[in-house]
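A structural walkthrough
In case you want the letters, here they are:
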Amino acid sequence: SRIEYDFKNIYIDSAEKVSPLILDADIVILALDEPMIDSSMWVHQACKDSKKKLISGGVWGDQLTYMWFDYGNPYTPCYQCMLEQSLEQSEVILQHTKQIKGKSFSDFNTTISFNGSILSGIMVCEIVKILTNYSAEIPPGTIFQLNTTTWATTTDILEQIPECSFCMNNEFEYFNHI
């Protein structure tokens, strides 16, 4: 089998610009940061509409985070399920989310080459596992985190929220009040 990738370096400022970009993809890698939260919602919406697999990762200081969503499987949690569970964990996370949602920070980037390389390696290994079934991947809806200072890892398994408006109606409703 062949694996091909298509890298695009373009400016995305609306949900309408995402769907045509992922039309032929088997797996979408989310590497869009801004506007904060909104851009992720646009990509997740397009992937859910077309039942795509979506890989996502991020770096915050020495903390790497990897997760993937299988929008072809209606029984796995979605991005809104993940955010709702995160926001319920603490008032600090909720207030931080309210402050950054919809904003861009062109002069701010916490990624250093070392951490970006480690995260890229994790993502590539997981993509190969998903595409080839060579070995068991980190299950969809699982948040895998690695601290590059201590090398400690954690995994959190997300739950699909039964009343999630995105899972049931394909609409992000929760974020309207953030």
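Scope of this entry: the structure provided in the associated data block. (Residues numbered from 1 in each chain as written. Predicted model: local features only at pLDDT ≥ 70, side-chain atom pairs only at ≥ 80, totals over all residues. Heavy atoms only, no water.)

For I100, the location among the structural elements is in helix α4 (residues 91–100). For I100, a relative accessible area of 13% gives the class buried. (Helix = DSSP H or I, 4+ residues; strand = E, 2+ residues; numbered from the N terminus. Buried < 20%, exposed > 50% of the residue type's maximum accessible area, 1.4 Å probe, protein only.)

Reading across the sheet, the five strands line up as β1-β2-β3-β4-β5 and stay open at both edges, with mixed pairing between neighbours. At either margin of the open sheet sits one strand with a lone partner, and together these are β1 (27–30) and β5 (153–157). For this sheet the average axis-to-axis angle between neighbouring strands, irrespective of direction, equals 15°. Relative to strand β3 (residues 63–70), strand β2 (residues 53–60) is paired through eight bridges, and the arrangement is antiparallel. Residue pairing across strands places G58 opposite T65, the latter belonging to β3. (Pairing = 2+ DSSP bridges. Axes fitted to C-alpha atoms, helices over the stretch in contact; angles between N-to-C directions.)

A few words now on the packing of aromatic side chains. By the definition in use, this model includes two aromatic pairs. For the pair F69 and Y71, a centre-to-centre distance of 6.0 Å together with 5° between the ring planes defines the contact as stacked. As far as the burial class goes, F69 and Y71 line up, both buried. With a centroid separation of 6.1 Å and an interplanar angle of 80°, the aromatic rings of F114 and W151 are classed as edge-to-face. (Phe/Tyr/Trp six-rings, centres within 6.5 Å; stacked < 30°, edge-to-face > 60°.)

A few words now on the nonpolar core. Core analysis: the largest hydrophobic core is formed by 27 residues, its most contacted members being V43, Y71 and M82. Residue contributions to this core peak at five residues, all from helix α2 (residues 38–49). Aside from chain neighbours lying at most four places away, what touches Y71 is H44, C47, K48, K51, K52, L54, C78, Y79 and F166. With 14 residues, the next largest nonpolar core counts V59, L119, I127 and F144 among its residues. (Core = buried A, V, L, I, M, F, W, Y, C linked by side-chain atoms within 4.5 Å. Contact = heavy atoms within 4.5 Å.)

What follows concerns the pairing of β3. Among the eight residues in β3, seven count as buried, and that is most of the element. Between β2 and β3, which pair antiparallel and follow one another directly, the connecting turn spans two residues, one of which, G61, has a positive phi of 65°.

To continue, consider the side chain of N115. Along the chain, N115 falls in helix α5 (residues 113–132). By relative accessible area, which is 2% here, N115 ends up buried. In terms of polar contacts, N115 uses its side chain to reach the side chain of T148, at 2.9 Å. Discounting residues that sit within four places of it in the chain, N115 has contacts with V59, G61, D62, L64 and T148. (Polar contact = N/O pair within 3.5 Å; in protein donor to acceptor, adjacent residues only side chain to side chain.)

What follows covers the packing of helix α3 (residues 79–89) against α4. In the contact formed by α3 and α4, the axes pass within 5 Å of each other and the chain directions differ by 120°. Classified by the angle their axes make, α3 and α4 are oblique. Mapping the contact onto sequence places S86, L87 and Q89 in α3 and I93, L94 and T97 in α4. Partitioning the contact of α3 with α4 into residue classes produces three nonpolar, three polar and no charged. (Parallel < 35°, antiparallel > 145°, perpendicular 65-115°, else oblique. Nonpolar A, V, L, I, M, F, W, Y, C, P; charged D, E, K, R; others polar.)

Tracing the backbone shows I143 in strand β4 (residues 142–147). A residue is classified by how much of its surface remains accessible, and I143, at 9% relative accessible area, is buried. The spacing of I143 and I157 is 14 residues in sequence and 6.3 Å in space, taken between C-alpha atoms.

By themselves these figures say nothing about function.
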